[in-house]
Amino acid sequence: RYEPTWGSLDARPLPAWFDEAKFGVFIHWGVFSVPSFGSEWFWWYWQKEKRELYVKFMDTNYPPGFSYEDFGPLFTAEFFDANQWADILKASGAKYVVLTSKHHEGFTLWGSKYSWNWNAVDVGPKRDLVAELATSVRNRTDLHFGLYHSLFEWFNPLFLEDATNAFKTRKFPTSKSLPELYEIVTKYQPEIIWSDGDGNAPDTYWNSTGFLAWLYNDSPVRDTVVTNDRWGAGSICAHGGFYTCSDRYDPGHLVPHKWENCMTIDRGSWGYRRDARLPDYLAIEDLVKQLAETVSCGGNLLMNIGPTHDGRIPVVFEERLRQVGAWLKVNGEAIYGTKPWRAQNDTLAPGVWYTFSPEEGKVNAIFLNWPVSGILELGEPQPKLGGTQVKLAGYKELLKWVALGEKGMVIALPQLTPQQMPCQWGWTLQLTDVN
């Protein structure tokens, strides 16, 4: 049994499914999807920081005295179809999904008995959105279902009181945050608890180790659940399950502890925003590059989308997800279930990232630019004459190659028209029998 200490909890092996999955989809959805302006931190920027852009937006578009709480009933979700969402998630090739059950605004997407009149069953949709998505994902896909939960809430009076007392009192975690965590685990049995928002309070204030000991010892998901590292000030990148270290964490080199790069398709926001323009969205080429780079360095990629207040996944997000799925259909063997190789990227060829498939003993070289010459020079692999074989994922014939001295090889790529290409944004060479 795990003790409620970091020493004991950190020794728990991470359930294997998480490392094998490699790719998940993050969904930021909540009352912030109603103003859908600027960012999901709308309430904070408008009320606390009083940023000019946000104040002006409210003055121009809403009546005087309109409060953030007034957005609650406007979070309507009338177009939310959990089956449709599940089908898009499945088409993306993702192996897990993480939904914001509650963001820093405190509004819960389930009918929490600890969030009186500030939840999706009492206000707005009048529906249990967490239950609907969990059911559809489990019925229609093989994705693991996970929930994001914010520990703190910006404007909750109990939290503000505890903060004023320098967190010597613990009214907020004992009456709100912890009971909610137990509630979502018991009710929805998520296989990922993605914690966030420590409010600068230490993990002892949140009793994170007590909750995690219960989660790992006695909860209904004790054998399969994975957790991240955001359990109180100072725990990020140091304690918990997999490390997130920061938003959009992208070290570019091998990291020994299992980690995740949580990032957004919209460069500027996690929540949906109506003011986003086309250049604000990452192109599919950017996303494939992020995926290859992240996986080769031992990480998972958690790619975020922001649905609208009425429950739609905006078409641009759907297209990106389906594009990633189409790419993974061809190149998935170089991603799922792989391990980092001895080299992460190539010394000679820029934009080549390596992964290793242990079962087949294959080295996968993911290259992001198709050379004009049709010749690809790799500096890292050591081929064996008469042994090494080179395949292009999605193409039948074996490719010709010659060795480059002690280490490295030159590979002749097939001459293909754009229509004959196995995919359009990044390709995989599968090398068997290399040192």
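Remember, it's a predicted structure, so these values are computed and weren't measured experimentally.

Student: Describe in detail the sheet that holds strand β8 (residues 352–357), supporting the description with residues and values.
Tutor: Pairing in this open sheet of 4 strands is antiparallel, and the strands run β8-β9-β14-β11 from one edge to the other. In this open sheet, the two strands that pair with only one neighbour each are β8 and β11 (389–392). Going from strand to strand, the sheet's axes swing by 25° on average, the running direction of each strand aside. Bridge analysis of strand β9 (residues 362–367) against strand β14 (residues 427–432) gives 6 bridges, and the strand direction is antiparallel. When the sheet's bridge partners are listed, Val-363 is paired in β14 with Leu-431. Those strands touched by helix α11 (residues 284–296) are β8 and β9, and its axis lies near 50° from that of β8.

Student: Go over the packing of helix α5 (residues 82–91) against helix α6 (residues 129–140), please, and point to the residues and values.
Tutor: Contact geometry for α5 and α6: axes closest at 8 Å, N-to-C directions at 50°. The angle between α5 and α6 places the two elements in the oblique class. Crossing geometry of α5 relative to α6 is assigned as right-handed. Residues Ala-82, Asn-83, Trp-85, Ala-86, Asp-87, Leu-89 and Lys-90 of α5 lie in contact with α6, whose contacting residues are Glu-132, Leu-133, Ser-136, Val-137 and Arg-140.

Student: Explain the sheet that holds strand β12 (residues 401–403) residue by residue, including any values.
Tutor: The strand order across the open sheet formed by 3 strands is β10-β13-β12, and the pairing between neighbours is antiparallel. Strand pairing shows two members of the sheet lacking a second neighbour, β10 (375–378) and β12, which therefore form its edges. Adjacent strand axes in the sheet meet at a mean angle of 15° when their direction is disregarded. Where β12 and strand β13 (residues 409–412) come together, 3 bridges link them in antiparallel fashion. Note that in β13 the partner of Ala-403 across the bridge is Met-409.

Student: Can you tell me about the domain arrangement of the protein chain, naming the residues and giving the values?
Tutor: Partitioning the protein chain into structural domains gives domain 1 (6–334) and domain 2 (339–432). Each of domain 1 and domain 2 has a C-alpha centre, and these two points are 36 Å apart. Taken together, the contacts link 19 residues of domain 1 with 20 residues of domain 2. Together, the buried faces of domain 1 and domain 2 total about 1,700 Å²; carbon and sulfur atoms form 65% of this surface. Our count for the contact surface shared by domain 1 and domain 2 stands at 2 salt bridges. The salt bridge partner of Lys-339 is Asp-19, with a shortest N-O separation of 2.8 Å.

Student: Summarise α5; cite the residues concerned and give the values.
Tutor: Residues Ala-82, Trp-85, Ala-86, Ile-88 and Leu-89 constitute the buried set of α5. Buried residues of α5, viewed axially, fall in a sector of 160°; they line one side. Buried residues in α5 make contact with β1 (23–27), β2 (96–102), α6 and α12 (315–331). Sitting at the head of α5, Asp-81 places a side-chain oxygen 3.0 Å from the backbone nitrogen of Asn-83. Directly after α5, the chain includes Gly-93, whose backbone phi takes a positive value near 80°.

Thresholds applied
Note on numbering: residues in each chain are counted from 1, in written sequence order. Side-chain atom pairs in this predicted model are given and counted only at pLDDT of 80 or more, local residue features only at pLDDT of at least 70, and totals for whole chains, interfaces and linings cover all residues. No hydrogens and no water enter the side-chain calculation; it runs on all heavy atoms of the structure. At least two bridges found by DSSP between two strands is the condition for calling them paired. Counting from the N terminus, the helices are DSSP H or I runs at least four residues long and the strands are E runs at least two residues long. Between N-to-C directions, angles cover 0 to 180 degrees, with each direction set by a line fitted to C-alpha atoms, over the stretch in contact for helices. A contact between two residues is defined here by any heavy atoms of the two lying within 4.5 Å. These descriptions rest on fixed angle ranges, namely under 35 degrees for roughly parallel, over 145 for roughly antiparallel, 65 to 115 for roughly perpendicular, and the rest for oblique. It is the rotation of the near helix from the far one that decides the hand of a crossing: anticlockwise by less than a right angle makes it left-handed, clockwise makes it right-handed. In this entry, domain limits derive from an automatic or database-based domain assignment. Here's the idea: put two parts together, see how much 1.4 Å probe accessible area each one loses, and the total over both is what we call buried area. What makes a salt bridge here is a side-chain nitrogen of Lys or Arg within 4 Å of a carboxyl oxygen of Asp or Glu, nothing more. Summary of the burial criterion: residues with accessible area below 20% of their type's maximum are buried, those above 50% are exposed, and those between are partly exposed, where the area comes from a 1.4 Å probe applied to protein chains only. This arc is taken over the directions from the axis of the helix to the C-beta atoms. Whenever two N or O atoms come within 3.5 Å, that pair is a polar contact, provided that in protein one can donate a hydrogen and the other can accept it, and provided that, for residues adjacent in sequence, both atoms are side-chain atoms.

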